[in-house]
Amino acid sequence: MNRIEQALAALKEKKEKAFITYITAGLPDYAKTKAIIQAQEQAGTDIIELGIPFSDPVADGPVIQAASYEAIQNGATLEKTFSLMEEIRREGVAVPIVFMMYYNSVLHYGLEAFVEKCSCAGVDGLIIPDLPFEEQDELLQALGKTDSTIFIQLVSPVSKDRVPKILERARGFVYCVSSMGVTGQSADFHREVISYLTSVKEQSKIPVMMGFGIRTAEDVRPMKEIIDGAIVGSHFIELLREQDFRPEAAAEYCRTFKQELNRL
Amino acid sequence: MNKKAYYGEFGGQYVAESLMNTLEELDAAFEDAIRDPKFMEQYHDYLRQYVGRETPLYYAKRLSEAYGTKIYLKREDLNHTGAHKINNVIGQILLAKRMGKTKVIAETGAGQHGVATATGAALFDMECTVYMGKEDIERQKLNVLRMEMLGASVVSVESGSNTLKDATNEAIRTWAKTAEDTFYVIGSAVGPYPYPKMVKEFQSVISREAKRQHMEIEGRNPDVVMACVGGGSNSIGMFAEFIGEPEVALIGVEAAGLGIETGKHASAMALGAPGVLHGMRSYLLQDENGNVQLAHSISAGLDYPGVGPEHAYLRDTGRASYVSVTDAEAMDALVELCRLEGIIPAIESAHALAYAKKKAKEMTMEQSMVLCLSGRGDKDVNTISDYLAGKGYLN
């Protein structure tokens, strides 16, 4: 079984909601990224999205744009991020890790080589915001029947009649984007967010996670009966910056969020 | 995979899930509109009465004599607002109106597409926001003033390289947030399907006219058809009607900046590799880590790291060939046209002129070449005078 699916099955067993974070690889450097991943694992973060910095992150708001830009300036690359993955997996980090990246990075690396490398390096899933349903065939084919790396599907408040076909190929969890547009807009969810999440949840066989614009567990109280977990990206990056990327600060935030999320 | 979104292996719709229904809606509305005689009649009416079409196919006698073959200039520089960009804007804004949108957004590099969009928005009473890189705002001040006079707000984009590529990113982000009431007017033959098709449709008036005009004068098709290529809108419009005429050689001219070998250029076809940017798969300038590489050209309108997907396809199938000329070659040709014909061309168009000079060496006075003079050089006078004074230019 894939590591994400395994972790989510265990949470279901415990009737717990998942807490998922996003960090940019190589921000401010790989040593810090490694320490923050380790601290989060210990603090109980269920899944970590590791952002691969790209020069043109069209699905991201200002916070993650700036994070990507800075990471690239500091020398972050896909190859180095693979090395980090290999290193932490060797050292026993077992938390599921998903690459959040843009499709050009995959193509540039080469489809087959990329998929093989993900599998070897312990990358459990892929989130690619500029690869909608219609363009996924070649990558899904390359991922083949392998269980080690799965493709995470995104749905949006305006996906409507597209939802069933997307869910049909979804694995792991469904990433429900809470608002139109890009990452990191303050908790200003789409006006029909509840009916949208309810509809996706009703149709989905796998857990449903909500992301975009979440800062605290309290933000998701209105949808606590619907969703199976929350994803925090831009806010987490901002917090890490304020705290000078101290692993302890990351751990503290994650521990608190996770506890509050399950007490809602 | 949506096959109709592709030109061979190029094109597609590499956008966020939240834009997919928007694109489908747009595609349906576009296909419906171009089959509606009333819509097309309205479009052509505006091209006639407002834009000032048709534009002349001018036989440049002195230039022809100097270069050694018959050169016809398709005078898109004589259009209202000074370039071919307005052809496409009128089409897209009429479509936006038809779809019930009240706002338009656009990206702009040199500012020509921004000015055209601001013009169309004023004409059709729509709210208009133009995204422009901070760097481009500085080097194209005149066009910023024009856009503001026309009632548009110009947003300075300060991310990445602060140029056209980043302005396009920002326009896409805004569109993803506001697609319900906002129409994104893309100015080049780029972006997710159906944009490349739409831009070609609304720019193909260039070659429809030119083909007939050349036939009337010469009684046959031209031997060579040539245009400059940034994203590729004037060139795809110039090629459109000739693609099915195998005896006509199609040549796209990219910007070689300081020279291909220096790495400071904008020749996606010459040195790019297939990649994904701005919703499309096409040739793209990238660094060794797969990040998009900055393009470099004296011409803001050609300063783009990618190229429209149909051009990539025309290149790979061999139907069109793509070459590049340097800043210096383009500026020499620009001055030559000023002095020989009394026409100040846009620096973009001067790239095509520069290659015409080279190509003409293989041709005779019996043969003929049609060249798209895509815009006038008024917007470039500062850049040109700085360049001639040896001060270099801002890039």
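Residues numbered from 1 in each chain as written. Chains lettered and ligands numbered in written order. Predicted model: local features only at pLDDT ≥ 70, side-chain atom pairs only at ≥ 80, totals over all residues. Heavy atoms only, no water.

Colleague: Any chance you could explain empty space enclosed by the protein here in plain terms?
Modeller: Where empty space is left becomes clear once a probe the size of a water molecule has been rolled over the atoms. Residue and element names in this part refer to chain B. Counted under the stated rule, the structure contains nine cavities of 30 Å³ or more. In this structure, the largest cavity spans a volume of roughly 400 Å³. Secondary-structure elements contributing two or more residues to the lining of the largest cavity are strand 5 (103-108), helix 5 (112-123), helix 8 (164-178), helix 11 (233-239) and helix 15 (347-360). Here the residues of the lining of the largest cavity sort into 12 nonpolar, 19 polar and five charged. (1 Å grid on protein atoms, 1.4 Å probe; cavity = no way out; pocket = protein on both sides within 12 Å on 5 of 7 lines; lining within 4 Å. Points joined across faces, edges and corners; volume = space filled by probe spheres on them. Helix = DSSP H or I, 4+ residues; strand = E, 2+ residues; numbered from the N terminus. Nonpolar A, V, L, I, M, F, W, Y, C, P; charged D, E, K, R; others polar.)

Colleague: Which parts of the structure should I look at to understand the interface of chain A and chain B?
Modeller: Accessible area lost upon the coming together of the parts serves often as the stated size of an interface. Each partner contributes residues to the interface: chain A has 36 residues there, and chain B has 35 residues. Both faces combined, the contact of chain A with chain B buries some 3,000 Å², and carbon together with sulfur accounts for 49% of it. The tally of links between chain A and chain B comes to four salt bridges. The salt bridge partner of A:Arg162 is B:Glu17, with a shortest N-O separation of 2.9 Å. Across the chain A-chain B interface, the total number found is 20 residue pairs in polar contact (both at pLDDT 80 or more). (Contact = heavy atoms within 4.5 Å. Buried area = accessible area lost by both parts, 1.4 Å probe. Salt bridge = Lys/Arg side-chain N within 4 Å of Asp/Glu carboxyl O. Polar contact = N/O pair within 3.5 Å; in protein donor to acceptor, adjacent residues only side chain to side chain.)

Colleague: Can you walk me through the sheet that holds strand 2 (residues 47-51) of chain A in this structure?
Modeller: The strands making up a sheet are joined through hydrogen bonds of the backbone, oriented either antiparallel or parallel. Residue and element names in this part refer to chain A. Overall, parallel pairing links the nine strands, which are arranged 5-4-3-2-1-9-8-7-6 in an open sheet. Of all the strands in the sheet, the pair left with one neighbour each is strand 5 (150-151) and strand 6 (153-155). Relative to strand 3 (residues 97-100), helix 4 (residues 78-90) is tilted by about 175 degrees, and along the sheet it contacts strand 2 and strand 3. (Pairing = 2+ DSSP bridges. Axes fitted to C-alpha atoms, helices over the stretch in contact; angles between N-to-C directions.)

Colleague: Sorry, what's going on with the confidence of the model for chain B here?
Modeller: Detailed reading of the predicted coordinates is not advisable wherever pLDDT falls low. A residue-level look at chain B finds 99% of positions with pLDDT of 70 or above and a mean pLDDT of 95. In the model output, the complex is listed with pTM 0.96 alongside ipTM 0.96. (pLDDT = per-residue confidence, 0-100.)

Colleague: In this structure, what is going on with the packing of helix 1 (residues 17-34) of chain B against helix 9 (residues 195-203) of chain B? I would like to understand it.
Modeller: The description of two helices packed together rests on the angle between their axes and the distance between the axes. All names here are of chain B. One can describe the packing of helix 1 onto helix 9 by two numbers: an axis separation of 11 Å at closest approach and a directional angle of 25 degrees. In terms of axis orientation, helix 1 runs roughly parallel to helix 9. Here helix 1 and helix 9 pass one another in a crossing that is left-handed. On the side of helix 1, the interface is formed by Leu23, Leu26, Phe30, Glu31 and Ile34, while helix 9 contributes Tyr195, Lys197, Met198, Glu201 and Phe202. (Parallel < 35°, antiparallel > 145°, perpendicular 65-115°, else oblique. Left-handed = near helix turned anticlockwise from the far one by under 90°.)

Colleague: Can you walk me through the pattern of salt bridges in this structure?
Modeller: Once their charged atoms are close, side chains differing in charge can pair, the charge on each being opposite to the other. Residues and elements named next belong to chain A. Scanning the model with the defined rule gives 51 salt bridges over all chains in all. Note that Lys117 is salt-bridged to Glu79, the shortest N-O span being 3.9 Å. Note that Lys117 is positioned in helix 6 (residues 111-121) and Glu79 in helix 4, a separation of 38 residues in sequence. According to the relative accessible area criterion, Lys117 is partly exposed, its value standing at 21%. (Buried < 20%, exposed > 50% of the residue type's maximum accessible area, 1.4 Å probe, protein only.)

Colleague: Can you help me understand the nonpolar core in this one?
Modeller: Soluble, globular proteins show a tendency: their nonpolar side chains are buried together. Membership of the largest hydrophobic core comes to 223 residues, with the highest contact counts inside it found for A:Ile37, A:Phe99, A:Tyr103, A:Leu126, A:Leu139, A:Phe173 and B:Met238. Leave out the neighbours within four places in its chain, and A:Leu126 touches A:Val98, A:Phe99, A:Met101, A:Phe114, A:Cys118, A:Leu139, A:Leu143, A:Thr149, A:Ile150, A:Phe151 and A:Ile152. (Core = buried A, V, L, I, M, F, W, Y, C linked by side-chain atoms within 4.5 Å.)

Colleague: Hey, could you run me through the packing of aromatic side chains in this one?
Modeller: What describes a pair of aromatic rings is the distance from one ring centre to the other and the angle between the planes of the rings. Residues and elements named next belong to chain A. Tallied over the full model, the rule gives 19 aromatic pairs over all chains. Clustering of aromatic rings is evident, with ring pairs tying together Phe19, Phe236, Tyr253 and Phe257. The cationic tip of Arg169 hangs over the ring face of Phe133; the distance from NZ or CZ to the ring centre is 3.8 Å. (Phe/Tyr/Trp six-rings, centres within 6.5 Å; stacked < 30°, edge-to-face > 60°. Lys NZ or Arg CZ within 6 Å of the ring centre and 35° of its normal.)

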